[in-house]
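Examining the three-dimensional arrangement
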Amino acid sequence: MIYDCAIIGGGPAGLNAALVLGRARRTVALFDNNQPRNAVTHASHGFLTQDGVTPAEFRRIAYEEVLRYPSVEHHGRKVSSVRRTAEGFEITANTGEPVHARKILVTTGLQEILPDITGVTEMYGSSLFNCPYCDGWELRDQPLIVVSDHERIYHLAKLLYGWSQDLVICTHGSSTLTDEQKQQLTSRGIIVTEQKVVAFHGQNGKLEQVEFADGSRISRTGGFITPAWVPQAGFCEELNYEKSELGGIQTNETGRSSIPGLFAAGEAASGGSSQLIMSAAAGSLIAVHINMELTEETFGS
Ligand SMILES: Cc1cc2nc3c(=O)[nH]c(=O)nc-3n(C[C@H](O)[C@H](O)[C@H](O)COP(=O)(O)OP(=O)(O)OC[C@H]3O[C@@H](n4cnc5c(N)ncnc54)[C@H](O)[C@@H]3O)c2cc1C
């Protein structure tokens, strides 16, 4: 059997694409190894009708809706390689037989690499986050810290001031802030430090204190960090697609890559998304383009 489309990655981008293609009566093999980027958090916010739901419940509802459409098949497997064939693509996963499809949609999102600071893994998703729009409301008016050696730190600091004015901005050993930026921050009562953070202290994921390299500590109940984001599309590198700035799949506004038949959406695509609803919207849009391409190939243009 040759599926119309293989979707690799069952986060909001892949699931919404599967929903659209299933409703368009396309045969879909949906591969997913169930490791979404937000798995560490207890509640996801900002998705209309699902605000505050757990990530697990979000996926449960989504899978229930998508798998109502009989032409969508769920393959709970990790894809390890993709290669071109005369009819399209052959997809090999860690278990089971290879699957063949006319089109491929990559929606595998991003892998996060957290900074090497003691306690960061325990706190991340509970009191340390990366996106103010996702978790700023829950931390509003609290004593917060921003730890980042990235140049985005100033932007993040400005933004967060809308959620809490009790801010410590820590460049974690780098000199990314200009004198003017430091002045803008300190004139608003924001504490700026260039020290390295060595540990986040607290219990059950709840931040209590931040320890700096000189041994000093400060009390904080939450904060924001900037993980490194690594695309997870290495399994189809053999296709030799043009890469995005992050090293993922370079796409245009229709989700097309430089390889005919290979599409990407959500955070796996260039431009990314950074929120569930944006990935879902991208998945929906790109599925429409895939369906159009399949239609033109069979019906003619
Ligand atoms: C701590 C934290 C909190 C967040 N909170 C929010 C929030 O409150 N609101 C919000 O809108 N967003 C939030 N986000 C962001 C949100 O998680 C992402 O924007 C969203 O998950 C991206 O969707 P996606 O479909 O592009 O990728 P993902 O959701 O990451 O889905 C990718 C899927 O692909 C699968 N996959 C990867 N590789 C393979 C492979 N080789 N084979 C098969 N399957 C594979 C993964 O297992 C995963 O299921 C948060 C993120 C983090 C880290």
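Residues numbered from 1 in each chain as written. Predicted model: local features only at pLDDT ≥ 70, side-chain atom pairs only at ≥ 80, totals over all residues. Heavy atoms only, no water.

1. Details of the sheet that holds strand 8 (residues 128-129)
As a reminder of what qualifies: Here, strands pair whenever DSSP counts at least two bridges between them. Segments assigned H or I by DSSP are reported as helices when at least four residues long, segments assigned E as strands when at least two residues long, and all are numbered from the N terminus.
Strand order in the open sheet made by the five strands is 8-15-9-10-11, with parallel pairing throughout. Edge positions in the open sheet fall to strand 8 and strand 11 (191-193), since each of these has one partner strand only. Where strand 8 meets strand 15 (residues 222-225), two bridges bridge the pair, whose relative direction is parallel. Among the inter-strand pairings, Phe129 is bridged to a residue of strand 15, identified as Phe224.

2. Some remarks on the site of the ligand
Cut-off, in case you're wondering: The near set for a molecule or strand comprises every residue that places at least one heavy atom within 4 Å of it. Polar contacts, as counted here, are pairs of nitrogen or oxygen atoms within 3.5 Å of one another; within protein the pair requires one atom able to donate a hydrogen and one able to accept it, and residues that are adjacent in sequence qualify only if both atoms are side-chain atoms. Exposure was quantified through the Shrake-Rupley algorithm and a 1.4 Å probe, taking into account, for residues, occlusion by the shown protein chains and nothing else. The residue classification treats Ala, Val, Leu, Ile, Met, Phe, Trp, Tyr, Cys and Pro as nonpolar and Asp, Glu, Lys and Arg as charged. All others, Gly included, are polar. Those domain boundaries reflect an automatic or database domain assignment.
The immediate surroundings of the ligand are formed by 38 residues, with Asp32, Asn33, Gln35, His45 and Glu267 found nearest. A distance of 3.0 Å separates an oxygen atom of the ligand from a polar backbone atom of Ala13. Against a free-state accessible area of 1000 Å², the protein chains account for coverage of 98% of the ligand. When contributions to the shell around the ligand are tallied by element, the ones reaching two or more residues are helix 1 (12-23), helix 4 (132-135) and helix 7 (276-299). The class makeup of the residues in the shell around the ligand is eleven nonpolar, 19 polar and eight charged. Structurally, the shell around the ligand is a two-domain feature, drawing no fewer than three residues from each of domain 1 (2-112 + 228-299) and domain 2 (115-225).

3. Looking at the pairing of strand 3 (residues 72-75)
Condition: By definition, the crossover connecting two strands over a helix is right-handed if that path, from the first strand to the second, turns clockwise as seen with the strands pointing away from the viewer.
Pairing geometry for strand 2 (residues 28-31) and strand 3, over four bridges, is parallel. What sits directly across from Phe31, in strand 3, is His75. One crossover worth recording links strand 2 to the parallel strand 3 by way of helix 2 (residues 55-66), and it is right-handed.

4. Side note on the pattern of salt bridges
We count it as follows: Here a salt bridge means any side-chain nitrogen of Lys or Arg lying within 4 Å of a carboxyl oxygen belonging to Asp or Glu. Here the term buried applies to any residue with accessible area under 20% of the maximum for its type, exposed to any over 50%, and partly exposed to those in between, with areas from a 1.4 Å probe on protein chains only.
Counted according to the given criterion, the structure contains 16 salt bridges. For Glu64, the salt bridge goes to Arg60, with nearest N and O atoms at 2.9 Å. You can see Glu64 and its partner Arg60 sitting in helix 2, four residues apart, about one turn around the helix. On the accessibility criterion, Arg60 (44% relative accessible area) is partly exposed. A salt bridge links Glu293 to Lys103; the nearest nitrogen and oxygen atoms lie 2.9 Å apart. Taken together, the residues Glu293 in helix 7 and Lys103 in strand 6 (residues 99-106) connect sequence positions 190 residues apart. Note on Lys103: relative accessible area 4%, which makes it buried. What emerges from the salt-bridge pattern is a single network uniting Asp4, Arg102, Lys103, Arg256, Glu293 and Glu297.

5. Digging into the sheet that holds strand 14 (residues 217-219)
In plain terms, the rule: Comment: axis = line fitted to C-alpha atoms, over the contacting stretch for helices; angle = value between 0 and 180 degrees taken between N-to-C directions.
Pairing within the open sheet is antiparallel, and its three strands lie in the order 12-13-14. The strands lining the two open edges of the sheet, one partner per strand, are strand 12 (197-203) and strand 14. Ignoring strand direction, the axes of neighbouring strands in this sheet form an average angle of 25°. Both strand 13 (residues 206-212) and strand 14 contribute to a ladder of three bridges, which runs antiparallel. Residue pairing across strands places Gln209 opposite Ser219, the latter belonging to strand 14.

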